[in-house]
Number of protein chains: 2
Amino acid sequence: MELTDRKKKILRAVVERYIQTAEPIGSKALQEITGLNVSSATIRNELADLTDLGYLEQPHTSAGRIPSPKGYRLYVNELMEEQRLSLEETKQINDALHLKMRELDKVIDQAGRMVSQLTNYPAFALAGNPKRPTIKRFDLILVDSASFIAVVMTDGNLVKNKLFRLPTDLSEPQLQLLTTLLNTAFVGKTLDQLTPELMRVAEHAAGSSYGLISLVVSFAMEVLDSMENSAVYTAGASHILDHPEYQDVGKAQKLMAYLSEEQAIAHSLALPALNDDGAKILIGPENVAEELKDSSVVLASYDIGDGMKGVIGVVGPTRMDYAKVAAKLSYVADGLSKLFGAPELPPAGPDKEKEE
Amino acid sequence: MELTDRKKKILRAVVERYIQTAEPIGSKALQEITGLNVSSATIRNELADLTDLGYLEQPHTSAGRIPSPKGYRLYVNELMEEQRLSLEETKQINDALHLKMRELDKVIDQAGRMVSQLTNYPAFALAGNPKRPTIKRFDLILVDSASFIAVVMTDGNLVKNKLFRLPTDLSEPQLQLLTTLLNTAFVGKTLDQLTPELMRVAEHAAGSSYGLISLVVSFAMEVLDSMENSAVYTAGASHILDHPEYQDVGKAQKLMAYLSEEQAIAHSLALPALNDDGAKILIGPENVAEELKDSSVVLASYDIGDGMKGVIGVVGPTRMDYAKVAAKLSYVADGLSKLFGAPELPPAGPDKEKEE
DNA sequence: TTTAGCACTCTGAGATGATGAGTGCTAAAA
DNA sequence: TTTTAGCACTCATCATCTCAGAGTGCTAAA
């Protein structure tokens, strides 16, 4: 059954007011802020209807009404107006995004922090890989006779390195041989395909430096493993204490403890949203995790390139300012997609008038 | 003026009991737990003395006594017995330390998390460099005609890399030339010494690929910069809510906000302790930071090698179990020093009976 | 120097009652 | 049929009060 326009208008007023004040709102106040030309008694009747329909709740008999999760859902789906960010806000985000950008990890971490600061809610961010990552190439760099650097590049264009210091000496040709060997034997393989048999074959081929094979390969396995179990970056957990719904320390503690369970966030919350476009809003009991049943989550996904995607999101009370948060989050997610999509570099020449 | 033995015994009992219960303790209870064969009235007299001397405090006229910061200090300096870790505890720490260990950053982060979990207090960890870092060598790896990997190694044996994708083509000889050029021009320089003039000279020498110089060098500058402004890893902030002194949300919030100010932790707290050996304990007002004036901090430093050191620490209420925390922290710090000090690798051959 | 005794202080937990916001219902008005 | 005014009723909140209990400081005797 569709709600009448008047009911919608009242519901919307309740939600928006409650988002601001965190206090139940009564018929008289609604009469004023809705601008409807009806008496408070009429509004009371409407409120009673909305309550029967499950859109509103009453903390106690003689308090005003607050939105129920169902009420928020209707609000988000139908009543909420898309929020435009102010110029100042977009500028702020752009500036932060174009700050120094190093490794993928750091960018994601930084983006999470920014979102948290921007929204005043705790935020999390992660990169997820829908395919199983594989190794794309190996390079070994001789540093001195007893140490070398292994550089491993994956098909997601992620590059990791590690410095190995050895108890024995090592020569350039030896390293060259190893590099060729590694590249022929292990490139294109997923974590599972790096079997002990494969290792044995390669080790055999490596002759006297067979021990190094397993060292470098186990480093490569670590890299692949860390890509599959994507790291989750959280930021701004202390913001939950800003909001009156978490003045009860017990509640705050539960939520904060959940936020530090990175794997829970990754698997039950973020990864399922990896392929949804736009902002996704999960209100109270819509959340799978028990700890989030009376909080809400807003998520947005972004493109990293090479088939990789990422998710960034915030957690807050159900009384969250969904319109604003969703707008900011989408904007940041778009910004990240663009950042990753853009060629790494501006055209080779910097802004100098030099010419050879 | 030295305290009498009896006074010390009483003070110690007050501190240890208060650490356990977080509640003021009165003369009668002390009479029992100290085992002193004197009446509660005598103890009352002693308590009055200790209070006059500033070692104890009274929350209100008719409550028991609690230790003052000065009391804790005396306890920590003279009365506290060194805590031995149980076998189980040392095993737990060892296991955690020998987990998969990738990059320096991750190890430090992981160690912080572990300490937090171990002590139930929020923890932080960082690496600090007493000298100004310099670049030790550059390597460029051609990936395909339009992209290459820059590998930068610093004198702290830290290796970082970055993948560059170019809008124009690139050849192996070109890259070789660049590598040589970078290594001759910029090795051994600190961040400050990478002047625009130096850049100009090198760019000139690079001929047509002069633009790449500035790209790689600015990456190197980022690396140096990130080493100077060492990252701080914090973990377990939610633990502060476990303790009754932070049931007041306002207090908890202030402390949590402070904990997320990484630079504050680094500069005013951790780095000054970089060269102290053993555990360092800062009680309440002994802390420089305003936000920590009624909390305590326990710190321990560890060796990373190559002159680099690191600090790991926890933050908690002044009513912290100093003995236990200091013991755990020292143990972890020692473990880290050993971990970093050990040659990266076991002897080249793994545990196989193969021989060529 | 120690102890017993006692008056005194102060907190914390209940109990009590007034206040006021807000409701639901009824009956009249539109 | 919908809207409105009127009114009795409910319930949280706040301030006030009392009371018990824990713990103290002081005095005078041991």
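Going along each chain's sequence as written, the residues are numbered from 1 onward. In the order they appear in the text, chains get letters beginning with A and ligands get numbers beginning with 1. Since the coordinates come from a predicted model, pLDDT governs what is reported: local features require at least 70, and pairs of side-chain atoms require 80 or more to be given and counted, while whole-chain, interface and lining totals use all residues.

## Some details on the sheet that holds strand β6 (residues 159–165) of chain B
Residue and element names in this part refer to chain B.
Part 1 of the reasoning: Whether two strands pair depends on DSSP finding at least two bridges between them. Only runs of H or I of at least four residues qualify as helices and only runs of E of at least two qualify as strands under DSSP, and these elements are numbered from the N terminus. Spatial strand order, β4-β5-β6: 3 strands in an open sheet with antiparallel pairing. Here the strands that pair on one side only, and so sit at the sheet edges, are β4 (135–144) and β6. With direction set aside, neighbouring strand axes in the sheet form an average angle of 20 degrees.
Part 2 of the reasoning: Taken together, the 7 bridges between strand β5 (residues 147–154) and β6 define a ladder with antiparallel strand orientation. Bridge assignment links Ala-150 to a residue of β6, and that residue is Lys-162. To obtain an axis, a line is fitted to C-alpha atoms, over the contacting stretch when the element is a helix, and the angle between two such axes runs from 0 to 180 degrees between their N-to-C directions.

## Regarding the protein's contact with DNA strand C
Part 1 of the reasoning: Lining the immediate environment of DNA strand C, one finds 20 residues, of which A:Gly26, B:Val38, B:Thr42, B:Thr61 and B:Ser62 sit closest.
Part 2 of the reasoning: Contributing elements (two or more residues each) for the surface near DNA strand C: α2 (27–34) and α3 (40–52) of chain A together with α3 (40–52) of chain B.
Part 3 of the reasoning: Per element, the largest residue contribution to the surface near DNA strand C is 4 residues, and it comes from α3(A).
Part 4 of the reasoning: Split by residue class, the surface near DNA strand C holds 7 nonpolar, 10 polar and 3 charged. A molecule or strand has a residue near it when that residue's C-beta atom, placed from backbone coordinates, lies within 6 Å of it. Residues are grouped as follows: Ala, Val, Leu, Ile, Met, Phe, Trp, Tyr, Cys and Pro are nonpolar; Asp, Glu, Lys and Arg are charged; all remaining types, including Gly, are polar.

## Quick word on the sheet that holds strand β7 (residues 232–235) of chain B
All names here are of chain B.
Part 1 of the reasoning: Pairing within the open sheet is antiparallel, and its 5 strands lie in the order β7-β3-β10-β9-β8. Each edge of the sheet is formed by a strand with only one pairing partner; in this case those strands are β7 and β8 (279–283). On average, each strand axis in the sheet is tilted by 20 degrees relative to the strand beside it, whichever way the strands run.
Part 2 of the reasoning: Where strand β3 (residues 123–128) lies against β7, 4 bridges are found, and the strand directions are antiparallel. Bridged to Ala-125 within β7 is Tyr-233.

## Things to note about the nonpolar core
Part 1 of the reasoning: Each nonpolar core reported here comprises buried Ala, Val, Leu, Ile, Met, Phe, Trp, Tyr and Cys residues connected via C-beta atoms within 7 Å. Residue burial is a threshold on neighbouring C-beta atoms within 10 Å of the residue's own C-beta, all placed from the backbone, with 20 or more meaning buried, 12 or fewer meaning exposed, and counts in between meaning partly exposed. In this structure, A:Ile312, A:Leu329, B:Ile312 and B:Leu329 are the most contacted members of the largest nonpolar core, which totals 140 residues.
Part 2 of the reasoning: Here contacts are defined at the residue level, using C-beta atoms placed from the backbone and a cut-off of 7 Å between them. Once you skip the residues sitting within four places of it in the chain, A:Leu329 turns out to touch A:Val115, A:Ala279, A:Val298, A:Ala300, A:Ile312, A:Gly313 and A:Val314.
Part 3 of the reasoning: Counting residues in hydrophobic clusters, the runner-up holds 52 residues, among them A:Leu158, A:Val159, A:Ile213 and A:Val216.

## Re unusual backbone geometry
In most cases, non-glycine residues show a negative phi, while peptide bonds are predominantly trans.
Part 1 of the reasoning: Even without being a glycine, A:Asn157 presents a positive backbone phi close to 60 degrees.
Part 2 of the reasoning: Within the element layout of this structure, A:Asn157 appears in the loop between β5 (147–154) and β6 (159–165).
Part 3 of the reasoning: For B:Ala22, which is not glycine, the phi torsion reads 65 degrees and is therefore positive.
Part 4 of the reasoning: By the secondary structure assignment, B:Ala22 is in the loop between α1 (5–21) and α2 (27–34).

## Considerations on the domain arrangement of chain A
Residues and elements named next belong to chain A.
Part 1 of the reasoning: How far each domain reaches was decided by an automatic or database domain assignment. Taken domain by domain, chain A comprises domain 1 (5–79), domain 2 (87–129 + 230–341) and domain 3 (136–228).
Part 2 of the reasoning: One C-alpha centre belongs to domain 1, the other to domain 2, and the line joining them spans 29 Å.
Part 3 of the reasoning: Opposite the 7 residues of domain 1 that make contact, domain 2 presents 9 residues.
Part 4 of the reasoning: Contributions of two or more residues to the side of domain 1 that touches domain 2 are made by α1 (5–21) and α4 (69–79).
Part 5 of the reasoning: Considering every element that reaches the side of domain 1 that touches domain 2, the biggest residue donor is α4, with 4 residues.
Part 6 of the reasoning: Classifying every residue of the side of domain 1 that touches domain 2 gives 6 nonpolar, no polar and 1 charged.

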